[in-house]
Amino acid sequence: MEINAFVYQRNWDTEIFHGTLSLRIQSNDILGFKVFEESRNTISTKGDDFLMIFWQQAFGCLFPTSLAVDVEEKICTGKERLESLPGSFFEMSMTGHSYSIYNAVYAVAHALHARSASEVKHRAIMETNGQKFRNGEPWRLHQFLRGVSFNNSAQNKVSFNEKGEVVAGFDVINYNCFPNESFLPVKVGRIDLQASTGPKLTIDEDAISWNHCFNQTRPPSVCSESCRPGSSKKVKEGEPYCCYDCIPCPAGKIATQEDMNDCNPCSYAEYPNTNRDFCLPKNTTFLSYEEALGLTLALLALAFAFITVLVLAVFVKNHRTPIVKANNQKLTYTLLSSLLLCFLCALLFIGEPQEVTCLLRQAAFATIFSVAVSSVLAKTLLVLAFMATQPGSRMRKWLGREKASLIVLSCSLIKAGICSIWLGNSPPFPDVDLFSVAEEIILECNEGSVMMFYCALGYMGLLASVSFTVAFLSRKLPGSFNEAKFITFSMLVFCSVWISFVPSYLSTKGKYMVTVEIFSILASSSGLLCPIFFPKCYIIVLRPEMNNREQLIRRKY
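Residues numbered from 1 in each chain as written. Predicted model: local features only at pLDDT ≥ 70, side-chain atom pairs only at ≥ 80, totals over all residues. Heavy atoms only, no water.

### Description of the sheet that holds strand β6 (residues 200-203)
Heads up, the condition is: Strands were regarded as paired on the criterion that DSSP finds at least two bridges between them. Helical segments are the DSSP runs of H or I of at least four residues, strand segments are the runs of E of at least two, and each set is numbered from the N terminus. Angles run from 0 to 180 degrees between N-to-C directions of axes, and those axes are lines fitted to C-alpha atoms, restricted for helices to the stretch in contact.
Across the sheet, four strands lie side by side as β1-β4-β5-β6; this open sheet has antiparallel pairing. With one partner strand each, in any of the chains shown, β1 (21-25) and β6 form the two edges of the open sheet. Each strand axis lies, on average, 35 degrees off the axis of its neighbour in the sheet, ignoring direction. Here four bridges tie strand β5 (residues 183-192) to β6, and the two strands are oriented antiparallel to one another. By the bridge assignment, Ile191 is partnered in β6 with Leu201.

### Describing helix α13 (residues 483-506)
Defined as follows: By this rule, a helix spans an expected 1.5 Å times one less than how many residues it contains. Burial classes follow relative accessibility: with a 1.4 Å probe on protein chains only, a residue under 20% of its type's maximum area counts as buried, one over 50% as exposed, and anything between as partly exposed.
A rise of 1.5 Å per residue sets the reference length of α13, with its 24 residues, at 34 Å; its end C-alpha atoms lie 35 Å apart and thus fit the reference within 8%. When α13 is considered as a whole, its buried residues turn out to be Glu483, Ala484, Ile487, Thr488, Ser490, Met491, Phe494, Cys495, Val497, Trp498, Phe501 and Tyr505.

### Here we look at the side chain of Ser338
To keep things clear, this is the line we draw: Contact definition: two residues touch when any of their heavy atoms are within 4.5 Å.
Among the secondary structure elements, Ser338 is positioned in helix α8 (residues 329-345). Look past the residues within four positions of Ser338 in its chain and what remains in contact with it is Ile368, Val371 and Ala372.

### Quick notes on the packing of aromatic side chains
So the rule is basically this: In this scheme Phe, Tyr and Trp rings, the latter by its six-membered ring, pair at centre separations within 6.5 Å, and the angle between planes marks the pair as stacked below 30 degrees, edge-to-face above 60, and tilted otherwise.
In total, this model carries 15 aromatic pairs according to the counting rule given. Measuring from centroid to centroid gives 5.5 Å for Tyr268 and Phe435, while their planes differ by 80 degrees, and the two rings are edge-to-face. One end of the pair, Tyr268, is in the loop between β10 (264-265) and β11 (270-272); the other, Phe435, is in the loop between β14 (429-433) and β15 (440-446), and 167 residues separate them in sequence. By relative accessible area, which is 59% here, Tyr268 ends up exposed.

### Observations concerning the nonpolar core
Our working rule: For the purposes of this section, nonpolar cores are sets of buried Ala, Val, Leu, Ile, Met, Phe, Trp, Tyr and Cys residues that join through side-chain atoms within 4.5 Å.
Ranked by size, the top nonpolar core spans 70 residues in total, and within it Phe369, Phe494, Trp498, Ile518 and Phe533 carry the most contacts. In contact with Phe369, not counting residues within four places along its chain, are Cys342, Met460, Phe494, Trp498, Ile521, Ser524, Ser525 and Leu528. Phe54, Ala58, Phe59 and Phe63 belong to the second largest nonpolar core, which has twelve residues in total.

### Quick word on the sheet that holds β15
The mixed open sheet is built from three strands, whose spatial order is β13-β15-β14. Strands with a single pairing partner mark the edges of an open sheet, and in this sheet they are β13 (283-285) and β14. Neighbour-to-neighbour, the strand axes of this sheet turn through a mean angle of 25 degrees, independent of strand direction. Strand direction decides the pairing type here: β13 and β15, joined by three bridges, are parallel. If you follow Asn283 over to β15, its bridge partner there is Glu440.

### A closer look at empty space enclosed by the protein
Let me state the cut-off plainly: Here a cavity denotes grid points, spaced 1 Å and computed from the protein atoms alone, that fit a 1.4 Å probe unable to get out, and a pocket denotes an open set having protein on both sides within 12 Å along at least 5 of 7 lines; residues with an atom within 4 Å of a point are the lining. Grid points are joined across faces, edges and corners, and a volume is the space filled by probe spheres set on the points. Residues are grouped as follows: Ala, Val, Leu, Ile, Met, Phe, Trp, Tyr, Cys and Pro are nonpolar; Asp, Glu, Lys and Arg are charged; all remaining types, including Gly, are polar.
Throughout the structure, instances matching the rule amount to three cavities of 30 Å³ or more. Residue lining of the largest cavity: Gln362, Phe365, Ala366, Lys415, Trp422, Phe453, Ala456, Leu457 and Met460, and that is the complete set. When residues of the lining of the largest cavity are assigned to their parent elements, the largest contribution, four residues, is made by helix α12 (residues 450-473). Tallied by class, residues from the lining of the largest cavity come to seven nonpolar, one polar and one charged.

### Comments concerning the confidence of the model for the chain
For the record, the criterion: Note on scores: pLDDT gives the predictor's confidence for each residue, bounded by 0 and 100.
On average, residues of the chain score 80 in pLDDT, and 82% of them reach the 70 mark or higher. Ranking the elements of the chain by mean pLDDT puts helix α10 (residues 394-398) last with 53 and helix α6 (residues 292-317) first with 93.

### Overview of the state of the cysteines
To keep it simple, the criterion reads: Two cysteine sulfur atoms form a disulfide, by the criterion used here, when they sit within 2.5 Å.
Applying the stated criterion across every chain, the model contains five disulfides. Sulfur-sulfur distance for the disulfide between Cys266 and Cys279 comes to 1.9 Å. Around the S-S axis, the bridge from Cys266 to Cys279 shows a dihedral of about -90 degrees and counts as left-handed. Taken together, the residues span a long stretch of sequence, with Cys266 in the loop between β10 and β11 and Cys279 in strand β12 (residues 279-281) at a distance of 13 residues.

### Quick word on the pairing of β14
Bridge analysis of β14 against β15 gives five bridges, and the strand direction is antiparallel. Of the residues in β15, the one forming a bridge with Val432 is Leu443. Between β14 and β15, which pair antiparallel and follow one another directly, the connecting turn spans six residues.

### Considerations on the environment of Gln155
Counting through the fold element by element, Gln155 comes out in the loop between β2 (149-151) and β3 (157-159). A relative accessible area of 62% places Gln155 in the exposed class. When the C-alpha atoms of Gln155 and Asn28 are compared, they prove to be 9.1 Å apart, with 127 residues separating the residues in sequence.

### Digging into the packing of α12 against α13
Filter applied, for reference: In what follows, roughly perpendicular refers to angles from 65 to 115 degrees, roughly parallel to angles under 35, roughly antiparallel to angles over 145, and oblique to any angle outside these ranges. Crossings are sorted by hand: turned counterclockwise from the far helix by less than a right angle, the near helix makes the crossing left-handed, and turned clockwise it makes it right-handed.
The interhelical angle for the contact between α12 and α13, taken along N-to-C directions, is 150 degrees, at an axis separation of 9 Å. Relative to α13, the element α12 lies roughly antiparallel. Relative to α13, α12 is oriented so that their crossing is left-handed. When α12 is examined against α13, the residues Phe453, Tyr454, Leu457, Met460, Ala464, Ser467, Phe468, Ala471 and Phe472 are found in contact with a partner set consisting of Ala484, Ile487, Thr488, Met491, Leu492, Phe494, Cys495, Trp498, Phe501, Val502, Tyr505 and Leu506. Residues belonging to the contact of α12 with α13 are distributed by class as follows: 19 nonpolar, two polar and no charged.

See below:
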């Protein structure tokens, strides 16, 4: 569109057009056009009724005629100049419309020339053959017009495409209006209709001067506010495409720009920040000795190991006393040694996972714990043997002291077989978990076969259940020192810890899974150590007068 060349616009306030954006047919100044305009005067209007009317409207004057005797209006003097007209009414540079008319005239001229040349050639051929030539119909000019292609005086190529349209583009014009009713059209972009990927719009936003009511910022052209970085657009159903809702980016994705149609995912080694507008590198994490949690667990494990060594030293030093002999020295030493290794085994779970530690820690823990639990089971069965009070009883025969080592060995071998199958088919190995925790890369030990892990855990639970059951049945046997009562309590603690371990282990991620397992090892091991051995140590160290045969064989009901 053009905003000038209309009489009623002479008195308009051009400020309303300030900042206007419009499309204009691409044009260039034609050589000599401005000189031609400046040479127009009243003499040029003679014989041109259109130009006379325009001149009178533009300058507000009348040409004297023989029909007008008394003329009250201003008379055109011939000194008027087109360049004196305001730009809002008449623009001295060639507009897009004028440029199109200029090219159209030359296109028709080239088409007429081509048709004339064709007719001359065709006439000569027909006259040679003695035929009469007839001038072509006017509508045949179109077939020559379609094939026109020439360069105009501005050195721009003028041609038509297969649809009969002029191959041209559009300029994006920004109008800057001034208080003196002048204005300056500024080219701020273009639409290229010949782009290889379809019409392409290019805009120089920094060159645009907006209307004052926009505070020199781009006015919104949509019915929704722009979606800020960290969110994407969601089109509203049944409404124009420019109407949309802004939805936050889902977990693991970001939007770095405004009005993005979709969010982009972060890489595996990164995670979105709180605003989800850029990605942050993930921290590598594992249960380390350098952090408070790992150091505390390591100190607890060493403390319990030291206590176990003290208890073992007390029993070894007092191995000839009745209370130590009465509890089967071999089983006692085996149980204390296995508990010592259990506490030390917890240290394998702390630190960066390595191939050796991953391979050993579960198998070693499972095997050592089975030795401890089977030792408790053997001690429990020995207590039950006291139920057979008659000499030569079959129960005393099957549950005698000589059978205790066989029970420990057989139960431990079964557990060693389970661990051997586990390590042979699908051994644990160091692994990296990128997905469990959004902000961390977790270094962990992959258990290899989850089924074998729970089989090993289930077998240990079976041994503990049998020990608890037998100890519970033997808890009310008469005697001044019935060990079954303490074994019952220790196995109750042991079973409670490992029953609660499964849901706790499954509900945690990363280094806290390892923390739960270490805590379960320490809690269950101390549950075996304290109730079974502390009462005996109390008698040995603080109440030696009770450490005699008469006290042990004295029955209490």
